[in-house]
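Structural overview
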Amino acid sequence: MRFGHRCVALAAASLLAACGAPAARGAIATLPTGADVTLPGGTVHIVLVRHNVLRVHFLPQGQASPPDLVMSPRVPSAATGRVTVRASGARLVIESGALRVVFDGGSDGLQIFRRHSTSPIMSEAHLGSLAHGTLALRFSPADAPLYGVHGFNAFEPARTGLLRDGRQLATAGAQGDAGAPLVWSTAGFAVLLDSQKTLFDLTPGRIRVLRQTRPDPDYYLIIGSPRQIFSALDILTGHAPLFPKWSFGFINSQWGINERDLLHIVRRYRALHIPLDAFSLDFDWKAWGQNDYGEFRWNTRNFPDGPSGKLDRELTALGVHLIGIMKPRIHVDTIEGEYATAHHLWIPGEKVSIDYFSHRPVKTLDFDNPATRRWFFNPVLRHSFATGIAGWWNDEADETGDDKQFFNMERALYDGQRKYFKARVWSLNRNFWLGAQRYAYGLWSGDIHSGFASMAAQRQRMLSAIDVGEMWWGMDGGGFHGHPSAENYARWIQFDAFVPICRVHGSDLQRRQPWIYGQTAARAATAALDLRYRLMPYIYSYAWHEHVAGIGIVRPLMFSWPHDPRVRNDYRAWMFGRWLLVSPVVRRHQRIKHLYLPRGRWTNYFTGKVYHGGATVTLQLDSENWTDIPLFIRAGAIIPTQPLLQYVRQHPVTTVTVQVFPARHPSHFDYYDDNGRNYAYEHDEYFLQRIAVERNPAGIDLTVGAPRGSYQPALRHFVFAVHDTRARSVSLDGRPLTEVADRAALGKCPRMCWAAGQDRFGEVTYVETAAGRAMHVRIHSADLRPHRP
């Protein structure tokens, strides 16, 4: 039955007990999308909360404990859409459009099937084991690869790559680690526990939970592709808010700097035309160790114009935002320390220690305490934010062993900033626990070393963090410890250009500006940053996609090719959005690179050479000038680009050039923009327009959907560069467009026009159209030969 509430007993004798008296073992009380089943020691709540997500919650004596921070406060309680619930005797069947759930009251066994499959993809032989806090799930096929649970800290080897097996502890860890009580597979299933420090035992065909922290075990089974799994995960654990647009640009972080040096460095970036959007300040920005809230206010010796806002105004004119480091400890013998003592804000039982920087006594604040969180964004810190500290670099809150300390530290800043200011929150933190993404939470990989080996090891650190739900990852480009060689620096910036948070940093007095490493390195680094800035419309559109769908700009290859065994543990390359595959050079003096390209047609971004995937290709590398980045375009790609800017808001972008590589299958891209500064997008103040393309025997069909949202961007025109096609004519909504001599003439055309040309990819048709309106463009091909596969 679909609606209502009824009781079905194992036998007629137990019917009255199930419906009136205390429920008998095996009694099934149906709900609109599931049922409550009585077992020894408690009740099991089995309910679909989405069409592809089953919640199983054991309630000892009917009692539920509060959810852990991993879960969103708005977890759905029941699926929407059509769900059928049938109970007959000891058998319960729940069906949606995605799956079928069967519970057998005789054995306490639970099975989950794909909708039209006769073999279960997951099963639990005895739900009664939940009374003992354990769980043993079977899955099929038995050799399905497993992912999730945890990442890697800065100093441990990452030899296992992305796959997980054996005993695995889910913990936030320290020094760049990431964790989640999550195991998932490209075979189409996942299990998420509402628990801390969950200990898994992963073996072929079986996921066992040996330890979890709840008296009432609570878990979610998810069925679907990687994209569907992470979309469901996003709903269960909470959407990440959008970062400010400036944070997608290049961030220079430095320890050991003052106001004069800062302005000199920023002006040199501008003079050399090297893009820069933010500068991150270490201890130097704050009056660390001084009384009267020195941990929260400007150091006027280093930054005399900080408190007045003058420095902020100068940097704003140069297009640069400031990020300030924050620590979880404060000094004991200060006004703020006395307040913390009087109001019990310290971590219970922690002893006083001597701070390594101020050499004065400190203690650590307890961010699990709501009173600490309310106090932390105090009037002094609010003043620092109002006068120029636009983002938070949270450090060293991973030293307590508490998975929630870092989480709640940033939660305090997020809640405080949103309460008092309209500007978007941005933060960078040194560990991650699933759910923290709700608080504008980025992760960096800890205090890593310079050198090629350390740089290469960042690949699996990034991708394993993404595998547990942290889509906003960055690193100390160039390495924190040590000084990179010129080649190491150049290759590192090329790597950095294709990660979610593009940033460099070094230890005290280390410099990470491109010009420090010589002209050859500076040219290579600048070219990589220039490319990132040209791709900004593409990058920012994927930030929106992560906000609404849970998958960000960087995707491990198995997300897109879940059934290709060669990418199961491949961290040498990744997708940058749906349409670009990148594999940075991470070996010293490398001349030749062997790279596996998944199935499909691929085009080298820089040379235009076409490769056919499902095979390993051999690439020649520039080991002298480091000018090349192995970057490939996937067939069907739609890639919006913009003119090169030195910072994201330097000029209004009125024309976006959309690079289109049509395939014989339909493809699309959702172009997104908003004001980039505040949360107006939460109230429909955004611009969203779908672009779709498909090649057919007669030519190319390009469709632009009606725009959504109330935001009016500066954008006025799209110029579509449709590659690998020679047009005979072009029509817009059935009306022919005028052909002009070349691309340069498009801007002079009084109406929408088209032109033919050539570039490194071969023949190309350029079509200029108005942005912000729905339209259909038909490119009638002059070349009717069958297109290469």
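1. Structural notes on unusual backbone geometry
- In this model, Ser140 is joined to Pro141 through a cis peptide bond whose omega is 0°.
- Turning to its location among the elements, Pro141 is positioned in the loop between strand E11 (135-139) and strand E12 (147-150).
- Not every positive phi belongs to a glycine, and Asp292 is a case in point at roughly 65°.
- Position of Asp292 among the secondary structure elements: in the loop between strand E20 (278-281) and helix H4 (310-317).

2. A closer look at the sheet that holds strand E23 (residues 353-354)
- Sheet architecture is open: three strands sit in the order E22-E24-E23, paired in antiparallel fashion. Since the sheet does not close on itself, it has two edges, and those belong to strand E22 (329-331) and E23, each with one partner.
- Bridge analysis of E22 against strand E24 (residues 361-364) gives three bridges, and the strand direction is antiparallel. By the bridge assignment for E24, Ile330 is matched with Lys363.

3. A few points about empty space enclosed by the protein
- Scanning all chains against the criterion turns up one cavity of 30 Å³ or more.
- In this structure, the largest cavity occupies an estimated 70 Å³ of space.
- In terms of lining, the largest cavity is formed by Phe230, Leu233, Asp234, Thr237, Gly238, Leu434, Gln437, Gly469, Met471, Glu546 and Gly550.
- For the lining of the largest cavity, the leading source of residues is helix H2 (residues 226-237), giving four residues.
- Taken together, the residues of the lining of the largest cavity sort by class into four nonpolar, five polar and two charged.

4. Regarding the nonpolar core
- In terms of nonpolar packing, the biggest core is built from 241 residues, with Ile112, Leu127, Phe189, Ile207, Phe279, Phe376 and Phe498 touching the most fellow members.
- Beyond its immediate chain neighbours, meaning those up to four positions away, Leu127 contacts Leu39, Val44, Ile46, Val56, Phe103, Asp108, Leu110 and Tyr219.
- Judged by nonpolar contacts, the second largest core, of nine residues, contains Val719, Val740, Leu746 and Val764.

5. Brief notes about the pattern of salt bridges
- Using the criterion set out here, one finds 27 salt bridges in the structure.
- A salt bridge links Asp395 to Lys327; its shortest N-O distance comes to 2.8 Å. Taken as a pair, Asp395 in the loop between strand E25 (389-394) and helix H8 (405-420) and Lys327 in the loop between strand E21 (321-326) and E22 lie far apart in primary sequence, 68 residues in all. An identical accessibility class is assigned to Asp395 and Lys327; each is buried.
- One salt bridge in this structure joins Arg430 and Asp398, with 2.8 Å as the shortest N-O distance. Of this pair, Arg430 sits in the loop between strand E26 (427-429) and strand E27 (432-433) while Asp398 is found in the loop between E25 and H8, placing the two residues 32 residues apart along the sequence.
- Residue Arg430 is classed as buried on the basis of its relative accessible area of 3%.

6. Topic: the packing of helix H3 (residues 259-272) against H4
- With their axes 11 Å apart at the nearest point, H3 and H4 run at an angle of 10° to one another. For the element pair H3 / H4, the angle class is roughly parallel. In this structure, H3 contributes Glu259, Leu262, Leu263, Val266 and Arg267 to the contact, and H4 contributes Leu311, Glu314 and Leu315.
- Split into classes, the residues belonging to the contact of H3 with H4 amount to five nonpolar, no polar and three charged.

7. Describing helix H7 (residues 379-386)
- Listed in full, the buried residues belonging to H7 are Leu381, Arg382, Ser384 and Phe385. The buried residues of H7 all sit within an arc of 160° when viewed along its axis, so they share a single face.
- Among the structural elements, E21, helix H6 (370-376), E25 and H8 are those in contact with the buried residues of H7.
- N-cap assignment for H7: the residue whose side-chain oxygen lies 3.1 Å from the backbone N of Val380 is Asn378.
- Downstream of H7 by one or two residues, Gly388 has phi in the positive range, about 140°.

8. Considering the sheet that holds strand E40 (residues 655-660)
- Ordered by their spatial adjacency, six strands build an open sheet running E39-E40-E44-E49-E48-E47, and the pairing between neighbours is mixed. Every other strand in the sheet has two partners, leaving strand E39 (638-641) and strand E47 (738-739) as the edge strands with one partner each.
- Of the strand pairs in this sheet, strand E44 (residues 717-723) and strand E49 (residues 762-770) are connected by seven bridges, and their pairing is antiparallel. Each residue of the ladder has a partner; that of Phe720, found in E49, is Val767.

9. Observations regarding the confidence of the model for the chain
- In this model, the chain carries an average pLDDT of 94, and 96% of its residues clear a pLDDT of 70 or more.
- Considering only residues more than four positions removed or in separate chains, one finds that residues 1-21, a stretch of pLDDT under 50, has 47 contacts.
- With pLDDT under 50 throughout, residues 784-789 is counted as low confidence; its partners more than four residues away or in other chains account for 13 contacts.

About the thresholds
- Residues numbered from 1 in each chain as written.
- Predicted model: local features only at pLDDT ≥ 70, side-chain atom pairs only at ≥ 80, totals over all residues.
- Heavy atoms only, no water.
- Helix = DSSP H or I, 4+ residues; strand = E, 2+ residues; numbered from the N terminus.
- Pairing = 2+ DSSP bridges.
- 1 Å grid on protein atoms, 1.4 Å probe; cavity = no way out; pocket = protein on both sides within 12 Å on 5 of 7 lines; lining within 4 Å.
- Points joined across faces, edges and corners; volume = space filled by probe spheres on them.
- Nonpolar A, V, L, I, M, F, W, Y, C, P; charged D, E, K, R; others polar.
- Core = buried A, V, L, I, M, F, W, Y, C linked by side-chain atoms within 4.5 Å.
- Buried < 20%, exposed > 50% of the residue type's maximum accessible area, 1.4 Å probe, protein only.
- Contact = heavy atoms within 4.5 Å.
- Salt bridge = Lys/Arg side-chain N within 4 Å of Asp/Glu carboxyl O.
- Axes fitted to C-alpha atoms, helices over the stretch in contact; angles between N-to-C directions.
- Parallel < 35°, antiparallel > 145°, perpendicular 65-115°, else oblique.
- Arc of directions from axis to C-beta.
- Polar contact = N/O pair within 3.5 Å; in protein donor to acceptor, adjacent residues only side chain to side chain.
- pLDDT = per-residue confidence, 0-100.

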